[in-house]
Amino acid sequence: MPNLFARASKAASRTASTARRSVTPTPDLPLARVLAAVLVLALPAQALAQSRQADQELEALIPDSALDNADAWAVDTDAARTGAPPVAVIEQIETDTAMPDLPGMTIPWPDGSEIPDIQPLSPDPDIDVAEQSIDAAVEALPGQEDADVPTNVRLADADVSRVGKQVEVAFPGGKDAIADHDAIVSRFAGLSSLRSFDDDEDNLAQIVRRARTDRETLVEVLRVHGYYDAQVYQSLGGLDDRSEGEATGPIDVEKVVVRFDVQPGPQYRVGQIALGDLAATGPDYETLRGAFKLKTGDAINGDRIIAERVSLQTALGETGYAFAKVGDPDLLIDHERREGDLTVPVTPGGVYQFGQINSSRDRFLSAKHLQRIARFDPGDRFKRSEVDDLRQAILATGLVSSLTVEAREVARPAGQGPGTVDVPGTVDVDVTLTPAPLRTIAGLIGYSSGEGFRVEASWEHRNFFPPEGMVRVRGVAGTQEQLAGLTFRRNNFLTRDLVLNADLYARNQTSSAFEARTVSFTAGLERQQTLLFQKPWVFSAGVEILATGERDAAAILARMPRKTYFIGALPMRAAYDGSDDLLDPTRGFRVGLRVSPEVSVQNGVRSSYGKAQLDASYYQPVGERLVVAGRVRFGTILGTDITNIAPSRRFYAGGGGSVRGYGFQLIGPRDTAGEPSGGRALSEFSLEARVKTGLLGGAVSLVPFVDAGAVDTTTTPRLRDLKIGAGIGLRYQTNFGPIRIDLGTPLNPSKGDSRIGVYVALGQAF
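The structure displayed is predicted, hence computed values, not measured ones.

J.: Describe the sheet that holds strand 11 (residues 400-411), and please don't skip the residues or the numbers.
T.: The strand order across the open sheet built from three strands is 10-12-11, with neighbouring strands paired in mixed fashion. Of all strands in the sheet, those with a lone pairing partner are strand 10 (352-359) and strand 11, marking the two edges. On average, each strand axis in the sheet is tilted by 25 degrees relative to the strand beside it, whichever way the strands run. Across six bridges, strand 10 lies against strand 12 (residues 425-435) in parallel orientation. Looking across to strand 12, one finds that Ser-359 is bridged to Val-431.

Here's what the structure looks like:
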């Protein structure tokens, strides 16, 4: 059966092929009739019989005569009977007769002119270079066509600076060295494409392409520094270690170093200087011209020109010219003179003085209060910096979400001639502000091995009593402290940066040294630090009145009742901050002194004494990654015996802000039960190294530290029982200051001291 089927298939195939050959379309046979004939030949006999009984449409297409004799019917046409036209006529029709328009077709027939000539693609020169030998690639480097010297020129006695893994710059050395060498190299290093991508896996084509860009960049940097005739030659280096027979071998891209040899030529100088209408400032001209320090004959330096323009703009704004305009500088280079003539358009306008301050939300922050914040008074000569300072001071209140501070002319200056001002103009300062959310709910959860857990929550309204009258309600629940308090604070009270504070609280405090139940009221004035304005000098003075029931560790052990103390104090503080940052200082020093005369009444016995404490710290950078910081603290209580001083008012040491490694307040004299009893003299010392690790973008630092401290019952430190702790800390830098985690251990512990202390806080330890 398989063989018979195959033979039948071959026979059918030959029949179909013959049918197709017999009805091949010619100009004599209509295409439709040819197709119909093919269909008839392909139909089996049963299908032909059924087609005789088809509908009229099929009958019209394939009549019965076609079924009887398909070959005769296929050629029975008018075209077949009349014959084909001559070949010449056919050719004329094909070449001379336009194609007929088809109904509904609006697109013209193509005539062949629309097809453009296709040009072959030129090879990529960089890819071509990559496929060449080493010597050919060296010859193909860009940038040599402008030079009057052969390819691969290298300076003799050159000063070569490596600015990246695969790029270096060479300048003339010795007596031909230029003064701007370091500045040019440093700037080019920051812009170099080869240096920026030197960690990528590049091929030679990419290196050559970046070398072309770097050469253009280096030429521009040279022009910024006044070298307008400089020539820069390029060459490939790092391939001198090829062995014999490798001259035409494949290129090892890892060894390729692009070198730029610079012939700087003469440095152009500043020619004529035109400063617009600056001379119209009259008596202020000398001061303002002095602010633009560039003069004829100075070396051309684009950076310096921009800096001097900014300096002049600033000087005009600081001298009363509220609406002065300083345009972009224009430098016209004369290659023959090797000079550049500088034009800086200056339109000084007139001199103005301050008028009034206007507030868009007078009930929220009144114009009177804003005038109290401002560092200028009506009638003062206008200074742009004081307008900017007012903007910063308003932002520092924390009460606004958006703010604009603009000077507006209300009276024009009057003068008798150019450069003379009889009556200065007046500008009002318009403050447009949008209040920020004023209510805050805050919470804090913390733990330390010495103080246990502490949970603190607060609610505050920062403008409860406008302007800037804050009310805060707070509470503390912790292992050693429970507190409820109410605080009122008015910022910028009476004058700028002066703060009025009032605080009423009730607290229960439990520690290893004492127990105290206290009700206290404090009030005072303070000139304080802010994150936006770190002031060198701060001070505070006030009054403190409290009633406290306390007992020390021995009384707790003996279950003795609390002693009640009524205390009045006048706490005062003055401090100088010469550091460079409030939360994370890296250089400078700080020093502060606290003094508090106090009167204490206990069981009708009155005692007077004075309490003083001195704090000082110093910060010194060592290189780019290390800051060494040190701190000392000394305190004393003079005027009475220690038994007349409430336990909570005595000195203690130990804990995260004191001697790390020891528990909170666990350093000092001990009672008969071995518990700390406090003292009248305090000594503390700290030394730590803050080392940047480079981890997480430089945000992580390690801080090894050593602390020491002692508390004595005498009024002067004796350091007889000095406790030393050491450990290591971790700092994570955030945009609001470092987060601190310290682990410390006591080096000479007393009985009962823990071996490890853990401390978590915001900001450095000191």
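J.: Tell me what's going on with the environment of Ala-761, and back it up with residues and numbers.
T.: Here Ala-761 shows up in strand 29 (residues 757-762). The sequence separation of Ala-761 and Tyr-447 amounts to 314 residues, and the corresponding C-alpha distance is 9.5 Å. Look past the residues within four positions of Ala-761 in its chain and what remains in contact with it is Pro-738, Ile-739 and Arg-740.

J.: Please provide a residue-by-residue account of unusual backbone geometry, values included.
T.: The bulk of non-glycine residues show a negative phi, and the bulk of peptide bonds are trans. In this structure, the amide linkage connecting Pro-466 to the following residue, Pro-467, adopts the cis form with an omega of -5 degrees. Here Pro-467 is to be found in the loop between strand 14 (452-465) and strand 15 (469-478). Positive phi values are uncommon outside glycine, yet Arg-338 reaches one of about 55 degrees. Structurally, the position occupied by Arg-338 is in the loop between strand 7 (330-334) and strand 8 (339-343). The exposure class of Arg-338 is partly exposed, given its relative accessible area of 43%. Positive phi outside glycine occurs at Leu-494, with the angle close to 70 degrees.

J.: Would you mind going over the packing of aromatic side chains in detail, with residue names and values included?
T.: All told, the structure shown has eleven aromatic pairs when counted by the stated rule. Each ring, one from Phe-188 and one from Phe-260, has its centre 5.9 Å from the other, and the planes form 80 degrees; the classification is edge-to-face. You can see Phe-188 sitting in helix 11 (residues 181-191) and its partner Phe-260 sitting in strand 4 (residues 257-263), a full 72 residues away along the chain. Across the pair, Phe-260 and Phe-188 agree in class, each one buried.

J.: Describe the sheet that holds strand 7, naming the residues involved and giving the relevant values.
T.: A sheet is described by the order of its strands in space; here three strands give the open sequence 5-8-7, paired in mixed fashion. Each edge of the sheet is formed by a strand with only one pairing partner; in this case those strands are strand 5 (269-274) and strand 7. Along the sheet, successive strands turn relative to each other by an average axial angle of 25 degrees, direction set aside. Taken together, the four bridges between strand 5 and strand 8 define a ladder with parallel strand orientation. Bridging from a neighbouring strand, Ala-274 pairs with Thr-343 of strand 8.

J.: Explain the pattern of salt bridges to me, using residue names and the numbers behind them.
T.: Applying the stated criterion across every chain, the model contains 43 salt bridges. For the salt bridge of Asp-298 with Lys-295, the shortest nitrogen-to-oxygen distance reads 3.5 Å. When the shortest N-O distance is used, the salt bridge between Glu-598 and Arg-649 registers 2.8 Å. Of this pair, Glu-598 sits in strand 22 (residues 588-602) while Arg-649 sits in the loop between strand 24 (626-638) and strand 25 (681-692), and the two are 51 residues apart along the sequence. There is no split in this pair, since Glu-598 and Arg-649 are both buried. Here the salt bridges do not stand alone but share partners, grouping Arg-660, Glu-688, Arg-690, Asp-707, Arg-731, Arg-740 and Asp-742 into one network.

Analysis parameters
- Residues numbered from 1 in each chain as written.
- Predicted model: local features only at pLDDT ≥ 70, side-chain atom pairs only at ≥ 80, totals over all residues.
- Heavy atoms only, no water.
- Pairing = 2+ DSSP bridges.
- Helix = DSSP H or I, 4+ residues; strand = E, 2+ residues; numbered from the N terminus.
- Axes fitted to C-alpha atoms, helices over the stretch in contact; angles between N-to-C directions.
- Contact = heavy atoms within 4.5 Å.
- Buried < 20%, exposed > 50% of the residue type's maximum accessible area, 1.4 Å probe, protein only.
- Phe/Tyr/Trp six-rings, centres within 6.5 Å; stacked < 30°, edge-to-face > 60°.
- Salt bridge = Lys/Arg side-chain N within 4 Å of Asp/Glu carboxyl O.

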